[in-house]
Amino acid sequence: MNCPVCNQPLIILELNRIEVDYCTNCHGIWLDEGELELLLQNSDEKNKLFNSFLIDNKSKEKSVKCPICFKKMDKIICGDKNKVTIDKCRRQHGLWFNKGELISVIEMGSLDKHDKIIKLLREMFSYNLS
Ligand SMILES: [Zn+2]
Ligand SMILES: [Zn+2]
């Protein structure tokens, strides 16, 4: 599978036993449908995050094509306060997160801001940026 933004092959990373696809070039991350749910622990924050998802038809962000079906993905606004816009396949293949967006979204959906996954992602991004 190639990166939907820069077309480089994605590498597989394991986050807490969940396999995610990562682009070493633009630092974007692809999650298959259902994987975001698995990365988050059950809490009110998690429910609030998923309930906040809103399709943004007027987004001016460049559109991204799904790396599986190559169809244009929807822009989804997540969060009530610190909004982050991610890309979601209309055919439910999964979600695309540009650099750093996955950390922001997981932080919004986690009660514990020092969650294991957040730590792993922070380490991964600082490693890749150095
Ligand atoms: Zn990329
Ligand atoms: Zn798709």
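Look a little higher up for the structure.
Rules behind the numbers
Residues numbered from 1 in each chain as written. Chains lettered and ligands numbered in written order. Predicted model: local features only at pLDDT ≥ 70, side-chain atom pairs only at ≥ 80, totals over all residues. Heavy atoms only, no water. Donors = N, O, S within 2.8 Å, 3.2 Å for Na, K, Ca; no water. Tetrahedral: all angles 85-135°; square planar, octahedral: opposite > 155°, others 65-115°. Buried < 20%, exposed > 50% of the residue type's maximum accessible area, 1.4 Å probe, protein only. Pairing = 2+ DSSP bridges. Helix = DSSP H or I, 4+ residues; strand = E, 2+ residues; numbered from the N terminus. Contact = heavy atoms within 4.5 Å. Axes fitted to C-alpha atoms, helices over the stretch in contact; angles between N-to-C directions.

For the rest of this paragraph, the subject is the coordination of the zinc ion (ligand 2). In the first shell of the zinc ion (ligand 2), the protein supplies C66 (SG), C69 (SG), C89 (SG) and H93 (ND1), at 2.0 to 2.3 Å from the metal. Coordination at the zinc ion (ligand 2) is tetrahedral, judged from the 4 donor atoms that bind it and the angles of 101 to 118 degrees they form at the metal. For C89, a relative accessible area of 2% puts it in the buried group. Taking the relative accessible area as the measure of exposure, H93 reaches 25% and is therefore partly exposed.

What follows covers the sheet that holds strand β3 (residues 29–32). Sheets are built from strands paired through backbone hydrogen bonds, the pairs being either parallel or antiparallel. The 7 strands are arranged β1-β2-β3-β7-β6-β5-β4 in an open sheet whose pairing can be described as antiparallel. One side of each edge strand has no neighbouring strand; the edge strands of this open sheet are β1 (11–15) and β4 (54–55). As paired strands, strand β6 (residues 84–88) and strand β7 (residues 94–97) are joined by 2 bridges and run antiparallel to one another. Within β7, the residue paired with K88 across the bridge is L95. Lying on the sheet, helix α3 (residues 101–108) is in contact with β3, β5 (74–78), β6 and β7; it crosses β6 at an angle near 105 degrees.

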